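Residue-level structural notes
Here is what each chain is made of, one letter per residue.
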Amino acid sequence: MIFNNRYLNLGEEFYHKTPPVPVLNPNLIIFNHDLAAEFPASLSKLDHQTLVELFSGNLIPDSSIPLAMAYAGHQFGQFNPQLGDGRAIYLGELERRDGSVVDVQLKGSGRTRFSRSGDGRSALGPVLREYLVSEAMFKLKVPTTRALAAVTTGEQVIREQLIPGGVITRVASSFIRVGSFQYFAAQQNIEALEKLSHYVIERNYPELQHTDSPHLALLASVVTRQAKLIAQWMQVGFIHGVMNTDNMSIAGETIDYGPCAFMDTYRHKQVYSYIDSMGRYAYSNQPKIGLWNLTRLAETLLPLINDDIDEAVEMAKDVLGNYMEIYDDAWLQGMRGKCGLSEKGDSEADRALLQELFNIMAQNKADFTLTFYYLSQLNLLSNEKDEQLKNLFVDPQAIEKWLVKWRERLILDSLSDEERQSQMLSLNPVYIPRNHQIEMAIRAAEDNDDFEPFHALHEVLQKPFDYQPGKDSYMRPPRPEEEIENTFCGT
Ligand code: AMP
Ligand code: MG
């Protein structure tokens, strides 16, 4: 692996050089061969022992200059001027075969200057959760960082009790966050802000390089990517759980999988994260919080946008003003797709029809994923296949009434059942990483050193849109006794 590191050239105030702290007795849990194949062949050809040493942080390639990035961030609305990579270490950039460049990071690799009171390590559970969920998101076609490898460390970390430790290697289009900009804005270091903005534009938005106002254009592009990203989260029932500004990627990818979860039963205000007691990052709040975070980004860019601060504010406001419309359009387009509706329908009428479905799902405790999967199988002129969908609802009549309206609306699109069903099935997954399944995989690994449930779940999630015979247990929602009410972050 040959690393480059252009981030290093930004200057010392951007990072602290820190090697990973070696671990005692690493073991490879999983190596992502598909992802590795995107890189020059040398990566796929590495022998097992080298992979173990590399992805545990025990072996640093000569070309890598490991560092921890500095950043700030609003955590649950409170500004913290100094966060930074406290348990992650950046190894550098790798070039893919197609010429594109990605960043590589080890997470759980030991203390850094930014660790504060933490140990810089990660328990095995959060490593497995991030591996499963980020790779599932990728297969669900949602922009995300990816997982390249996971290892056990052979050491234990101290949490409420002793738990085996792990390290995940993750790959991103960028590890720069909204909080990276906030770090320099808080110090009123305009020169550093400008360098950072140019670095991001060159790396992630090269098409903006020669525009009249590149920093404003950067804001507009991030606004667009985040609005569309969050619409996609809503469409798969994903709850990030900790959308702090330091966990919002400048490249518009889902990043920092902590106390995240997919919804089983549909609830508008669903929260899983144990620390989110006020529901700030509840399912239905995500679009709004996205805008709140982007407003924090806009504030940092003002001095770069225009020397006249009032004018800069107006320009930034215009850009932020587009967010909700971009989000709403993306939401409507995605949800129409999930219900087999084309753009031929009246937008407002379609929106109302979709909203009504969500209300009925909420009132009747219907499973989010299965509702859309079963809906995808229905025919226009016969209701003989309706039964399994209706059974998801406490009051089957409620959805029956809605299906009458839905079928009336389908006439407008004049698609055959086969055409509509195949479109819908390409958008509505059979399998999502259900929380109780993730928990079972983590329990087996942490408590019994048994990685079989992890591998089995990972395997099913490789093809979330294909029905896989014999895998019905991964499809079904949790039984009451299996339900997970809280998820925890990795700290
Ligand atoms: P996050 O959970 O990613 O939002 O983390 C917020 C901040 O806490 C970041 O600055 C992390 O680097 C830091 N942090 C989280 N867990 C640990 C840990 N185990 N050791 C040191 N720092 C940590
Ligand atoms: Mg974070």
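The structure under discussion appears in the preceding block.
Residues numbered from 1 in each chain as written. Chains lettered and ligands numbered in written order. Predicted model: local features only at pLDDT ≥ 70, side-chain atom pairs only at ≥ 80, totals over all residues. Heavy atoms only, no water.

1. Looking at the coordination of the magnesium ion (ligand 2)
Within the first shell, the magnesium ion (ligand 2) binds the protein through Asn247 (OD1) and Asp256 (OD), at distances of 2.1 Å. According to the relative accessible area criterion, Asn247 is buried, its value standing at 12%. (Donors = N, O, S within 2.8 Å, 3.2 Å for Na, K, Ca; no water. Buried < 20%, exposed > 50% of the residue type's maximum accessible area, 1.4 Å probe, protein only.)

2. Topic: unusual backbone geometry
The phi torsion of most residues other than glycine is negative, and most of the peptide bonds are trans. Phi angles above zero are rare outside glycine, and Phe76 is one such case at about 50°. Looking at where Phe76 falls in the secondary structure, it is placed in the loop between β4 (73–75) and β5 (78–80). Of the residues examined, Phe76 reaches a relative accessible area of 27% and is grouped as partly exposed. Located in the positive-phi region is Ser414, a residue other than glycine, with phi close to 35°. (Helix = DSSP H or I, 4+ residues; strand = E, 2+ residues; numbered from the N terminus.)

3. A closer look at a nonpolar patch on the surface
Taken together, the side chains of Tyr274, Ile275 and Phe488 present a nonpolar region at the surface, about 340 Å² in accessible area. Within the fold, Ile275 resides in the loop between β12 (261–262) and α8 (286–305). (Patch = residues over 30% accessible without salt bridge, like charges linked within 9 Å, V, L, I, M, F, W, Y side chains within 5 Å. Areas by Shrake-Rupley, 256 points an atom, 1.4 Å probe, with all protein chains shown as cover. Salt bridge = Lys/Arg side-chain N within 4 Å of Asp/Glu carboxyl O.)

4. Some points on the pattern of salt bridges
Counted according to the given criterion, the structure contains 31 salt bridges. The partner of Glu38 in a salt bridge is Arg146, with the nearest N and O atoms 3.6 Å apart. One end of the pair, Glu38, is in the loop between α1 (33–36) and α2 (41–44); the other, Arg146, is in strand β9 (residues 146–158), and 108 residues separate them in sequence. Between Asp386 and Arg407 there is a salt bridge, and its shortest N-O distance comes to 2.9 Å. Separated by 21 residues along the polypeptide, Asp386 in the loop between α12 (368–375) and α13 (387–390) and Arg407 in helix α14 (residues 396–410) bring together distant segments of the chain. The buried category is assigned to Asp386, whose relative accessible area is 4%. Of the residues examined, Arg407 reaches a relative accessible area of 14% and is grouped as buried. Salt bridges sharing common partners tie together Arg6, Glu93, Asp103, Glu202 and Arg203.

5. Details of a negative patch on the surface
Together, Asp307, Asp308, Asp310, Glu311, Glu314 and Asp318 give the surface a local cluster of negative charge. Along the chain, Asp318 falls in helix α9 (residues 309–321). (Lys, Arg positive; Asp, Glu negative; His and termini not counted. Charge placed at Lys NZ, Arg CZ, Asp CG, Glu CD.)

6. With respect to the environment of Val271
Among the structural elements, Val271 can be located in the loop between β12 and α8. When the C-alpha positions of Val271 and Ala352 are compared, they lie 25 Å apart, and in sequence the two are 81 residues distant. Those residues within four positions of Val271 in sequence are excluded, and the remaining contacts are Asp276, Gly279, Ala282 and Glu485. (Contact = heavy atoms within 4.5 Å.)

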